[in-house]
Each structure stands twice: as C-alpha cells, then as structure tokens.
Amino acid sequence: MIKKIKEKIYSFLIFTQYFTRTDNIYLAKGGFWLILAAVTANILGIVLAVVFTRLSTKVIYGQYQFVFALIDTFLILSLPAINTAVMEAVVRGKEKSVLLAIKRRLQFGLTGSLVFLLIGIYFYVFKQMFLLAGAFLGVAIFFPFYNIVNTVFAYYDAKKKFYLPQIFHILMRLVMGISVVTAIILWNNIFAIITIYLITNGVMNLVILWYFKKTEKLKEETDLGIVDYGLQLTYANIIPEILNNADKLFISVFLGAEALAVYAIAEKIPNTIKGFLKSLKILFFPKFVYLSKENFIAKFKNIYLFLIFIGGIILVTIILPWVMPLLFGSGYQDSIFIAQLCLLITLPFVLYDIISDWFQAKKDVKKYFYIRNFFVVGSALLIIIFLFFYKSLISVIWARIIITWLAFIFGLYWVKKS
C-alpha cells in the first residue's frame, strides 16, 4: 500500500515538472523538512505576535522590534557572510572550513558586543530608559553567540542534510517562543523579555554546536581562503546590512514605538509568505554553483509558477480583513490596509533574492555588491524622503514597492549582461 502511494506521488511529481521546469523529486526530498520548519516557524511567529498584541502594549512590542532591528543591523560585525563561503568550500570537500569559520565569527562578534554596550550606556545616561538600557546590556553579553549555529547549518545545507537545520530551527523557535511568552506573562517589560530570549538563544546555540562536534567526522582539509572570501562578502554587505532594517529604525525615529508595532503586525503575514519561499532557496544554492546563465534565466519564463503565485497573493489580500482582527484584535485595525500593500512586495522581493543568491554562488562579488546596495540604499533613501514629506506608514510601503520592483528588473538585466 505504502509503495503504491510513493509510486503515485513520484509519478505526480514527474508530471508536474513539465509545468514547473524544476527537479520536483529533489525539491520534495529536501523540501519536506524545509516546508515543515517554515510552517512551524511561521505559526510560532504569529502566535508570539498574538501574545504581544493581547497581553502587552504597543510601546513594549515596538521596543522589542526596535531592539531586534538593531541586532540585525549590527549582525554584520559577526561575519555572517562567511557562511556562504563555508557552503561553497564544503561542496568542494573542504569540510573543516566550518570550524575555522566558527572561530572567526566568535572573535568578530566581540566587536558587536562593544557596540551594544555603548548603545546601552546611551539609553541609560541620555534617555533615562533603564529597562531598555538593561536589555541592550544583555545583547552585548550574548551577541557573539546570537546566531553562530547558522555556520553549522551552512555545512549541513552544503552536505544536503537539509533536515537537520530544519529540526534544529523548529526546536529553537519552540523553546525561545515559550521563553518569550513566559517573560511576557510574568514580567511584561522589555528588559525581561529580551534577556530571557537571549539566554535561551545562547544555550540553544551552544547545545547545537556540541551536537555537531560530537556527530560529524570532518575531512581534514580546510580552505583558509574562506576568511578572505567571507570578508569580501562582508565588505559587499556592509551598507546593505546596516540599512537592511532602515524601515523599522526610521519608523521608530520619525513616528515612534507604537507606529513601529502597527507596522510590525502589518508585515507579519506578508513576511510569513516571504520567509516560507526564502527557506526553499536553500535547496537550490548547491545547484546554482554549476547552473549556467541561460538555464537560470529560463527559470524566470515559467508562466505557470507566476500565475499560481499571483493567485495566492490575491486570495490572501481578500481574506486579510477577516484574519487580522481575529488574530491580533481590534487594536491593530490600522495594520490591515498596510498589510495588503505589503503583499505587493512579495513577488519582486523573492525574485530579487534568488538573483542575489545566484551571484553569490558564482562568486561574482561585484554584481552581488551592485544589486544588494542598489536595493538597500535605494530603499533607505526613498523611505527617508517619503517619511520626511508624508510622515505615514503607507508612504514607507510605497517606497519599498517601488524600489523592490526596480531591484528585480535591474538584477535580471545584470544577469543577462554577466
């Protein structure tokens, strides 16, 4: 019985390859865990947002978003771009490169600790916001370990062990989600929420590192060039990473923490869709290393996939006015229309992101630099201009829509010219 079901599924996947023009067998084998992890992460993310909207205040949720926007901004200091270099090296059999990458990331992460210590001092001395200052002190302590396991996950992805990172992602999301909900219920202040999250995150990172060293027998070869390549990618990413959360940081400055909370809720469902699609990209990175330009461009001419995607976006747009109040309550009615506008960003963003990955896989740092900087610098400039003149959340979304479509169009043009 089970064998017949597998044969039918296999036949169906072979049939649908005509429409998707994709290796659906490969996608299904690795995609199961990616899809499971993405669905779990999105459900937990929405549950956490529901808890914040129901049990906390807009100010605290806005501060929470502000802290993590700054963490993401300065994450560049921990050399995360070396993960791409690790994937490329491990594909070539130089597996011990992952240990060198972990060591260097921990060392570079200490710089980020210093930055967040200074930010904490600033909020303590000049803003008299003692709980927020304490939260930043916690970030300073745990920053080097914040996402060090992503380097291990890069190794697993290169080895096509897609299930392991996804299982770990599910466990981490679940445990950290429980810790944040507990902090909201018991204390409901920004210091407790951030500190409990960081402690849990640090412990989970160390446990996964221990498991990796215990279970993986790495080949002796180490590619010493991954540090230089990681630094090249880091230099290419300095401006993008600093400006990647420009929308949240500028909203906080121009409109305040409560407006940032409304914006974060508006982004929740559109970002859930984008995150789900981005998770599937991991499957294709090893293939991008050897994929020709002609075959890569041909993927963008698949009208069937575009129609399915656009139909899904239209459906989500229609149901949002019923779904969002049900989840987040009446206090976030202002988020509904903004969320519908955010959906217009989804398609071009995913396509732009795929093009960025292709340039990385081909080690075309110059083109990767151009497309990334065009997108983030353009986004930051347009958001500042629109906020300065219109001072509204809707103006931020229109700025993002314009620049995302332009980034995709220019990216595809640069692929053709490469």
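Residues numbered from 1 in each chain as written. Predicted model: local features only at pLDDT ≥ 70, side-chain atom pairs only at ≥ 80, totals over all residues. Heavy atoms only, no water.

Student: Explain the overall build of the chain to me, and be specific about the residues and the numbers.
Tutor: When its secondary structure is counted, the chain shows 17 helices and zero strands. Burial analysis of the chain (418 residues in total) assigns 55% to the buried set. (Helix = DSSP H or I, 4+ residues; strand = E, 2+ residues; numbered from the N terminus. Buried < 20%, exposed > 50% of the residue type's maximum accessible area, 1.4 Å probe, protein only.)

Student: An account of the packing of aromatic side chains is needed here, citing residue identities and associated values.
Tutor: Summed over all chains, the structure comprises 32 aromatic pairs. Relative to Tyr156, the ring of Tyr155 has its centre 5.8 Å away and its plane inclined at 65°; by these criteria the two rings are edge-to-face. What makes Tyr155 buried here is its relative accessible area of 1%. Accessibility expressed as a relative area gives 0% for Tyr156, which makes it buried. Taken together, the ring pairs connect Phe66, Phe74, Phe116, Tyr122, Phe123, Phe126, Phe136 and Phe143 into an aromatic cluster. One Lys or Arg, Lys58, reaches over the ring of Tyr332 and ends 5.0 Å from the middle of that ring. (Phe/Tyr/Trp six-rings, centres within 6.5 Å; stacked < 30°, edge-to-face > 60°. Lys NZ or Arg CZ within 6 Å of the ring centre and 35° of its normal.)

Student: Can you explain the packing of helix α15 (residues 335-361) against helix α17 (residues 393-417)? Please cite residues and give values.
Tutor: The description of two packed helices rests on the angle between their axes and on the distance between the axes. Axis separation between α15 and α17 bottoms out at 8 Å; the angle between their running directions is 25°. Between α15 and α17, the angle falls in the class roughly parallel. Considering how the two elements wind past one another, α15 and α17 form a crossing that is left-handed. Of the residues assigned to the contact of α15 with α17, the class counts are 25 nonpolar, two polar and one charged. (Axes fitted to C-alpha atoms, helices over the stretch in contact; angles between N-to-C directions. Parallel < 35°, antiparallel > 145°, perpendicular 65-115°, else oblique. Left-handed = near helix turned anticlockwise from the far one by under 90°. Nonpolar A, V, L, I, M, F, W, Y, C, P; charged D, E, K, R; others polar.)

Student: So what's going on with the environment of Ile297? Residues and values would help.
Tutor: If you trace the backbone, Ile297 turns up in helix α13 (residues 293-298). Among the residues examined, Ile297 registers a relative accessible area of 12% and is labelled buried. Once the C-alpha coordinates of Ile297 and Leu412 are considered, the two residues, 115 residues apart in sequence, prove to be 7.9 Å apart.

Student: Let's hear about a nonpolar patch on the surface: which residues, and what values?
Tutor: A contiguous nonpolar patch, built from Leu114, Leu117, Leu118, Ile121, Tyr122, Tyr124, Val125, Phe126, Phe130, Leu137 and Ile141 and spanning about 1100 Å² of accessible area, is present on the exposed surface. Elements with a contribution of two residues or more to the nonpolar patch: α5 (97-125) and α6 (130-142). With seven residues, α5 is the largest single contributor of residues to the nonpolar patch. Secondary-structure assignment places Phe126 in the loop between α5 and α6. (Patch = residues over 30% accessible without salt bridge, like charges linked within 9 Å, V, L, I, M, F, W, Y side chains within 5 Å. Areas by Shrake-Rupley, 256 points an atom, 1.4 Å probe, with all protein chains shown as cover. Salt bridge = Lys/Arg side-chain N within 4 Å of Asp/Glu carboxyl O.)

Student: Go over the pattern of salt bridges, please, and point to the residues and values.
Tutor: As a working rule, side chains carrying opposite charge can pair if their charged atoms are close by. By the definition in use, this model includes seven salt bridges. Here Lys159 and Glu95 are joined by a salt bridge, their closest N and O atoms 2.6 Å apart. One end of the pair, Lys159, is in the loop between α7 (149-158) and α8 (163-186); the other, Glu95, is in the loop between α4 (82-91) and α5, and 64 residues separate them in sequence. The exposure class of Lys159 is partly exposed, given its relative accessible area of 32%. A salt bridge links Arg372 to Glu241, with the shortest nitrogen-to-oxygen separation between them at 3.2 Å.

Student: Go over α4 with me, naming the residues and quoting the values.
Tutor: Counting buried positions along α4 yields nine of 10 residues, so the element is predominantly enclosed. Every buried residue belonging to α4 is among Ile82, Asn83, Thr84, Ala85, Val86, Met87, Glu88, Ala89 and Val90, and all of these are buried. At the exit of α4 stands Gly93, carrying a positive phi of roughly 95°.

Student: Residue-level account of the side chain of Thr53, with values.
Tutor: On the secondary structure map, Thr53 appears in helix α2 (residues 24-55). In this structure the side chain of Thr53 is engaged in a polar contact, spanning 2.9 Å, whose partner is the backbone oxygen of Val50. Excluding residues within four positions of it along the chain, Thr53 makes contact with Ile265, Leu327, Phe328 and Tyr332. (Polar contact = N/O pair within 3.5 Å; in protein donor to acceptor, adjacent residues only side chain to side chain. Contact = heavy atoms within 4.5 Å.)

Student: Got a sec to walk through the environment of Ala37? Specific residues and values, please.
Tutor: Mapped onto the elements of the fold, Ala37 is located in helix α2. C-alpha separation for the pair Ala37 and Phe168, spaced 131 residues apart in sequence, amounts to 8.8 Å. Ignoring any residue separated from it by four or fewer positions in sequence, one finds Ala37 in contact with Gln166 and Ile170.

Student: Can you lay out the packing of α7 against helix α9 (residues 190-215) for me, pointing to particular residues and giving the numbers?
Tutor: Direction vectors running N to C along α7 and α9 enclose 35°, while the axes themselves pass 9 Å from each other. Helix-helix and strand crossings are classified by hand; for α7 and α9 the assignment is left-handed. Here α7 contributes Val149, Val152, Phe153, Tyr155 and Tyr156 to the contact with α9, which in turn contributes Asn205, Ile208, Leu209, Tyr211, Phe212 and Thr215. Here the contact of α7 with α9 is composed, by residue class, of nine nonpolar, two polar and no charged.

Student: Lay out unusual backbone geometry with the relevant residues and their values.
Tutor: A negative phi angle characterises most non-glycine residues, just as the trans form characterises most peptide bonds. With a phi angle near 55°, Asn188 is a residue other than glycine that sits in the positive phi range. Here Asn188 falls in the partly exposed class, since its relative accessible area comes to 24%.

Student: Report on the side chain of Asn189, specifying residues and quantitative values.
Tutor: Topologically, Asn189 is positioned in the loop between α8 and α9. Residue Asn189 is classed as buried on the basis of its relative accessible area of 18%. Within the local environment of Asn189, its side chain forms a polar contact with the backbone nitrogen of Phe191, the two atoms lying 3.1 Å apart. Those residues within four positions of Asn189 in sequence are excluded, and the remaining contacts are Ile60 and Leu131.

Student: Tell me what's going on with the environment of Phe369, and back it up with residues and numbers.
Tutor: Looking at where Phe369 falls in the secondary structure, it is placed in helix α16 (residues 365-390). With 137 residues separating them along the chain, Phe369 and Gln232 place their C-alpha atoms 9.8 Å apart. Discounting chain neighbours no more than four positions away, the residues touching Phe369 are Tyr235 and Ala236.

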